[in-house]
Amino acid sequence: SVTPGDGQATIAFTPPSFTGGGITGYRLTAHPGGLTATCTASPCVFAGLSNGVAYSFMIEALNGPLTGPALGSSPPVTPTGSTPPTQTGQTISGLTVNPAAPVFKPGGTFSVSAAGGGSTSPVVFAIAPASAGVCSVNGSTVTMLASSLCTITADQAGDATHLPAPTATLSVAIGAATPILSWTGDLTKNVGDLAFDLADPASDSQGAFSFTGSDPAVAQVSGRTVTLVGPGTAILTASQAAAGDYTSASVSLVLSVTARADPTKDPTVSAGSQAQVDTAVRFAAAQQANVQSRLRQLRSAGGTNASSNGLTFNLHSPAGQDISLPTNALNLGEAGAGLPAGWGLWTAGALIFDERAGTDGFAGFDVRSEGVSMGLDRQVNDRLILGAAAGLGWNDTDFNGSPSGMDGQQGSVSGYGLWRLNEHLFVDGLIGWGRLDFDMTRWSAEAGALARAERSGDQWFGSLTVGYEQRGPRGDLTTYGRLDGSRTKLKAYRENGLGALDLAYREQTIDSSNLAFGIEGGRRFKHGETWMRPFGLIEYRAALQNNGDQAMNYVLNPATSDYILSLRSFNDDAWVLGAGFDIDLPAGWLLSLSYRREDGSETDSNGYALSVTYRGKAGGN
């Protein structure tokens, strides 16, 4: 027989007859589910059953490790549940907020917490209906809607063994906030300027503003209108009344009344701005010249791209061009750079000394600058060579008769190529990008102080040349047309150190481009063991773009419209005449001497260059 219970059943049965060693126990198997249980004698209690499920049981006798035949299956029975447990009470404790005294802020929050009773249900927070316009709650985060009394309730539901907890209540006073005021910076005005109105400071409060001044001998305040009286300084104060969820507050500024000049008329301002324009264009022109010098080598090499190096010392012309016209004698040889066939490594550099004379409205300055480049190119086929180069440029500019100065640096990368359409026609070009950084100092005699500033920017530069070459065993002649250009964008910056005379310079774009047409050539002859090559150049360059206007204003109390300083670089229409001599010495050195004369529409210049190159072996071509 089988008797059901709570999650169990009691099975009584008649033990079977046996022979041998005797029965040691019984194994019971419940169906469905296949659960098993063992016992030593009838009746057996089978626990772990599910209430409401009908079970039948099969009994087997055990004799040590042996199992006897099944005694049969019992009729099905259904276990039933017992009486539900008794529920006990519980309470919520420790209802609190953090911070304990919150101050109103639009969208501001604080946290709420509480310890629940023994129930497995969570503590749930809510806002009392009377506080619906003051605060809201999401989980344990309370959001402030106004400064007033916020009443928070806490509830906890019961479970099988606990009754629901009584509602706990906490009232929190949200204090009024101090408004955050943001007003204009300190003002600098000139005696005689028109009266002006003070704008309300930016505030998160709606309270009304009133305005006062500290010194009526400097400025008189009526309502919000300020009338300038005399030189000096005064404190202007804006006071805001308490309103809504905010207390009263005030904010002040310093009004300085003095005379100020047009900054573009200051020679130190114009000279510093001009130096930046010239240096930016010079940096781009120097890298263009270095890569163009390599392209000349490649054109002169008859379809090969042997490695080379060069060092040039010269008095640089304002246009930043190098008159040197390298030939095959510059080659280091097939194994000079230890590169695979078809690859060429080259370097080019110039140590430049330049001077710009002072003119009306501009202070003169001397510039010492140096630009170097290193490149690697690959001969794709007998008509195409492609390469890439990296360059560095730097200078140190000192302004005549002034402690003002400027340090400039440039790092650049570029790509270039030469394509020969046939034996005579060629196209070469380059495109590059560079980053510029300037550190500047400007002495102001009016302030008796030195202003300091930093500026950065980037530039794109490029060149495209189309030409026709005629080469013979001893000479060459090339006619060409070339388009050069650069665009520099310098970021806005401001000075520090001059107080009310500090200047803010706007973003500046410097465009420089020109179109050149020229003819160049040379003839080689041998004197003893020494090869010599006189060469010459004549070129006309037409400026297409040459502008870099700089807008500026005072940092404190700026003028209604910016001051504009019109600036141009040294790029202008010019005739270029050049001549020189290459001497290819048997010891493996190439000595180049050159002279360059530029007659421009606005500038004239003379340039001298000395180039010394070691090729590793004597040349003969």
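Look up: the structure comes first, before these words.
Bear in mind that the values here come from a model prediction, so they are computed numbers and not experimental data.

Observations regarding the overall build of the protein chain
A tally of helices and strands in the protein chain yields one helix and 39 strands. Looking at the protein chain residue by residue over its 621 residues, the buried ones come to 45%. Taking the intrachain contacts of the protein chain between residues at least 6 apart in sequence as the baseline, contacts between residues at least 24 apart amount to 65%. For the protein chain, the accessible area works out to roughly 29000 Å², and carbon and sulfur atoms hold 57% of it.

Comments concerning the sheet that holds strand E30 (residues 493-494)
If you trace the four strands from one edge of the open sheet to the other, you get E30-E31-E35-E36, paired in antiparallel fashion. Sheet topology places E30 and strand E36 (563-565) at the edges, where each strand pairs with a single neighbour. Sheet topology note: the strand E31 (residues 503-505)/strand E35 (residues 550-554) ladder contains three bridges and is antiparallel. Each bridged residue has a counterpart across the sheet, and for Leu503 the counterpart in E35 is Tyr554.

As for the pairing of strand E37 (residues 574-584)
Only one face of E37 is covered, namely the face carrying Ala574, Val576, Gly578, Gly580, Asp582 and Asp584; the face carrying Trp575, Leu577, Ala579, Phe581 and Ile583 is uncovered. Two strands pair when backbone bridges link them, and strand E34 (residues 530-547) and E37 are joined in this way by 11 bridges, in the antiparallel orientation. When the sheet's bridge partners are listed, Phe535 is paired in E37 with Gly580. Alignment of E37 against strand E38 (residues 589-600), held across 11 bridges, turns out to be antiparallel. Its bridge partner lying in E38, Asp582 is registered against Ser592. Between the end of E37 and the start of E38, which pair antiparallel, lie four residues, with Gly588 showing a positive phi angle near 100°.

Points about the environment of Thr237
In this fold, Thr237 is placed in strand E20 (residues 232-240). What makes Thr237 buried here is its relative accessible area of 18%. In this structure, the C-alpha to C-alpha distance between Thr237 and Ser252, residues 15 residues apart in sequence, is 4.2 Å. If we skip the residues at most four places from it in the chain, Thr237 touches Trp183, Ser210, Phe211, Thr212, Ser250, Val251 and Ser252.

Some details on a negative patch on the surface
Taken together, the side chains of Asp396, Asp398, Asp407, Asp439 and Glu454 present a region of like negative charge at the surface. If you trace the backbone, Asp439 turns up in strand E27 (residues 425-444). For Asp439, a relative accessible area of 43% corresponds to the partly exposed category.

What to know about the side chain of Arg596
With respect to the helices and strands, the residue Arg596 is situated in strand E38. On the accessibility criterion, Arg596 (6% relative accessible area) is buried. Side chain to side chain, Arg596 and Glu598 meet in a polar contact 3.2 Å long.

What counts as what
- Residues numbered from 1 in each chain as written.
- Predicted model: local features only at pLDDT ≥ 70, side-chain atom pairs only at ≥ 80, totals over all residues.
- Heavy atoms only, no water.
- Helix = DSSP H or I, 4+ residues; strand = E, 2+ residues; numbered from the N terminus.
- Buried < 20%, exposed > 50% of the residue type's maximum accessible area, 1.4 Å probe, protein only.
- Contact = heavy atoms within 4.5 Å.
- Areas by Shrake-Rupley, 256 points an atom, 1.4 Å probe, with all protein chains shown as cover.
- Pairing = 2+ DSSP bridges.
- Patch = residues over 30% accessible without salt bridge, like charges linked within 9 Å, V, L, I, M, F, W, Y side chains within 5 Å.
- Salt bridge = Lys/Arg side-chain N within 4 Å of Asp/Glu carboxyl O.
- Lys, Arg positive; Asp, Glu negative; His and termini not counted.
- Charge placed at Lys NZ, Arg CZ, Asp CG, Glu CD.
- Polar contact = N/O pair within 3.5 Å; in protein donor to acceptor, adjacent residues only side chain to side chain.

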